[in-house]
Amino acid sequence: MDLPLRSDQILPDDADAFLIGRVWSHEEGGPCPVLISGGRVINLIPVAPTVSALLESTLPDRTELSGLPDLGPLDAFLLPDDDERCLGSLLAPCDLQAIKAAGVTFAASLLERVVEERAGGDPARAEELRAELSATIAGDFASIKPGSAEADTLRTRLKAEGLWSQYLEVGFGEYAEIFTKAQPMSAVGCGAEIGILSASDWNNPEPEVALVVTSRGDIVGATLANDVNLRDMEGRSALLLGKAKDNNASCAIGPFIRLFDGDFGLADVGRAEISLEVVGKDGFHLEGASDMSKISRRPEDLVSQAIGKHHQYPDGLLVLLGTMFAPVEDRRAPGQGFTHEAGDCVKISTRSLGTLINWTTASETTAPWTFGTGALMTNLAKRGVL
């Protein structure tokens, strides 16, 4: 897919979707929370300085928001900076919120986590191990409810057979895997490059839905995310999870947050099918899908394991719900499985949330992350917003 993107490529099918986002506005000289309405970008700075503050407050009626200053057409925020028509750029639709993720939440991807672990991060061993483990344990996964008596029975059997794994523990056990995917303000938005460590030879995109949660624990909306994953790093040791997950530009979120209303809610998230497409400069083409109805834990249960009396998030949080899709198609050589190459176009989409589009590059060479929380506060103060 060639740049620039167009708004019709990224918007959800529902023209009435209540969409909140963030843009960097050349006119404003910094980031703005915005409403996307009728293909226009409406400045919400008069209501709240950040998306976090916006969601923590009681939102005005959508018609009232539509009467705020118009920053221009959405298409003008998808143009390259050197285009004189460019009005800014699209950012990740979250700002001060913590970015958390749940792992091993689908039976299909659970097998792949065990494969990574037993392969020790070596993709050459994955195919043989996948066949071996599929024949032994894969059939037990899909129908097991985590934390149930049936799960405990399966745990006992697998331990006796020497097949127990840390991934089976979080897949079947009482507690989900909840980890910090990225720091607040570090996620990239639609149209940006996503980063992969140059040292990684086995990695993949993870197309996911992210729930948007307030500091009170209320789930108020959803968006799409790419939980970029380095399979070789995590496979070497679970203690390398930070190296596998949190690198420069390794988390993409967007294009927008769709707020829950009478037309869209948590039940719709549970029925969504998330599609993935990877198109490489080498002619490689991969497609897949992740069916949210097959998630092993209820999304609201995953949120409750992230926030509650045991842990608070004063600025709110996003919770990435995990994926059932782990590509295994050979790319570089037979038996080596899938890995990204520089310049891959990655599209993650669902009809209700739109399409998140990014291009891969090395984390070491993509634009460094320099605009953090301190820079945001300084920028807002300089603009007279705070």
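Presented here is an overview of the structure given in this document. As the structure is a prediction and not an experimental result, all values here were calculated from the model. (Residues numbered from 1 in each chain as written. Predicted model: local features only at pLDDT ≥ 70, side-chain atom pairs only at ≥ 80, totals over all residues. Heavy atoms only, no water.)

**Structural notes on the overall build of the chain**
In step 1: Each helix and strand counted, the chain has 12 helices and 18 strands in total.
In step 2: Relative to the 2.2 N^0.38 estimate, which gives 21 Å for 386 residues, the radius of gyration of the chain is 21 Å and therefore close to what a compact globule would have.
In step 3: In terms of principal-axis extent, the alpha carbons of the chain reach across some 65 × 45 × 35 Å.
In step 4: Here the chain, with 386 residues, has 55% of them falling under the buried criterion.
In step 5: Across the chain, the fraction of contacts at a sequence separation of at least 24, relative to all contacts at a separation of at least 6, is 73%.
In step 6: For the chain, the accessible area works out to roughly 15700 Å², and carbon and sulfur atoms hold 50% of it. (Helix = DSSP H or I, 4+ residues; strand = E, 2+ residues; numbered from the N terminus. Rg over C-alpha atoms; globule rule 2.2 N^0.38 Å. Buried < 20%, exposed > 50% of the residue type's maximum accessible area, 1.4 Å probe, protein only. Contact = heavy atoms within 4.5 Å. Areas by Shrake-Rupley, 256 points an atom, 1.4 Å probe, with all protein chains shown as cover.)

**Focus: the sheet that holds strand β8 (residues 193–196)**
In step 1: Here 5 strands make up an open sheet; going across it, the order is β8-β18-β17-β14-β15 and the pairing mixed. The open sheet has two edge strands with one neighbour each: β8 and β15 (285–291). The mean angle between the axes of side-by-side strands here comes to 25 degrees, regardless of whether they run parallel or antiparallel. (Pairing = 2+ DSSP bridges. Axes fitted to C-alpha atoms, helices over the stretch in contact; angles between N-to-C directions.)

**Digging into helix α12 (residues 373–382)**
In step 1: Among all positions in α12, only Leu376, Asn379 and Leu380 are buried. Buried residues of α12, seen end-on, are gathered within an arc of 95 degrees and therefore sit on one face of the element. Turned more than 90 degrees away from the buried face of α12 sit Thr378 and Lys382, all of them exposed.
In step 2: Positive phi appears at Gly384, one or two residues downstream of α12, with a value of about 75 degrees. (Arc of directions from axis to C-beta.)

**Details of the layout of surface pockets**
In step 1: Taken as a whole, the largest pocket spans an internal volume of roughly 1000 Å³.
In step 2: If you trace the largest pocket, you find 40 residues lining it, with Ser89, Leu90, Leu91, Val188 and Ala192 closest to the centre.
In step 3: Within the residue set of the lining of the largest pocket, elements represented by two or more residues are β1 (19–25), β5 (88–91) and β18 (354–362).
In step 4: Here the lining of the largest pocket is composed, by residue class, of 25 nonpolar, 12 polar and 3 charged. (1 Å grid on protein atoms, 1.4 Å probe; cavity = no way out; pocket = protein on both sides within 12 Å on 5 of 7 lines; lining within 4 Å. Points joined across faces, edges and corners; volume = space filled by probe spheres on them. Nonpolar A, V, L, I, M, F, W, Y, C, P; charged D, E, K, R; others polar.)

**What to know about empty space enclosed by the protein**
In step 1: By the definition in use, this model includes 2 cavities of 30 Å³ or more.
In step 2: Looking at the largest cavity, its volume works out to about 120 Å³.
In step 3: Together, 17 residues line the largest cavity, and Gly103, Val104, Arg113, Glu206 and Lys245 are the ones closest to its centre.
In step 4: Of all the secondary structure elements, the ones that give two or more residues to the lining of the largest cavity are β6 (98–103), α4 (107–119), β7 (177–182) and α9 (241–245).
In step 5: Here the lining of the largest cavity is built from residues that sort into 4 nonpolar, 6 polar and 7 charged.
In step 6: Forming the walls of the second largest cavity are Ser52, Leu55, Glu56, Gln97, Val212, Val213, Thr214, Asp315 and Gly316.
In step 7: Those elements giving two or more residues to the lining of the second largest cavity turn out to be α2 (51–56) and β10 (207–213).
In step 8: Considering every element that reaches the lining of the second largest cavity, the biggest residue donor is α2, with 3 residues.

**Brief notes about unusual backbone geometry**
In step 1: Cis rather than trans, the peptide bond between Gly254 and Pro255 has omega equal to 5 degrees.
In step 2: Looking at the secondary structure, you find Pro255 in strand β13 (residues 251–259).
In step 3: For Val104, which is not glycine, the phi dihedral falls at a positive 55 degrees.
In step 4: On the secondary structure map, Val104 appears in the loop between β6 and α4.
In step 5: Assessed through its relative accessible area of 8%, Val104 is described here as buried.
In step 6: One non-glycine residue, Met185, lies in positive phi territory at about 80 degrees.
In step 7: Within the fold, Met185 resides in the loop between β7 and β8.

**Considerations on the environment of Pro69**
In step 1: In this structure, Pro69 sits in the loop between α3 (62–65) and β4 (70–73).
In step 2: Assessed through its relative accessible area of 42%, Pro69 is described here as partly exposed.
In step 3: Sequence separation between Pro69 and Asn43 is 26 residues; the distance between their C-alpha atoms is 5.4 Å.
In step 4: The contacts of Pro69, once residues within four sequence positions are left out, are Val41, Ile42, Asn43 and Pro46.

**Quick look at the nonpolar core**
In step 1: Val209, Met292 and Leu321 are the most contacted members of the largest nonpolar core, which has 68 residues in total.
In step 2: Once residues lying within four places of it in the same chain are set aside, the contact partners of Val209 are Ala222, Thr223, Leu224, Val269, Ile274, Met292, Val319, Leu320, Leu321 and Leu353.
In step 3: With 27 residues, the next largest nonpolar core counts Ile99, Ala210, Leu259 and Leu320 among its residues. (Core = buried A, V, L, I, M, F, W, Y, C linked by side-chain atoms within 4.5 Å.)

**Focus on the pairing of β1**
In step 1: Summarising burial for β1: 6 of the 7 residues are buried, a large majority.
In step 2: Bridge count for β1 against β13 is 2 bridges, and the pairing is antiparallel. For Ile20, the partnering residue across the bridge sits in β13 and is Ile257.
In step 3: Judged from the 7 bridges that link them, β1 and strand β2 (residues 30–37) form a sheet pairing that is antiparallel. Among the inter-strand pairings, Ser25 is bridged to a residue of β2, identified as Gly30.

Shape descriptors only; they carry no functional weight alone.
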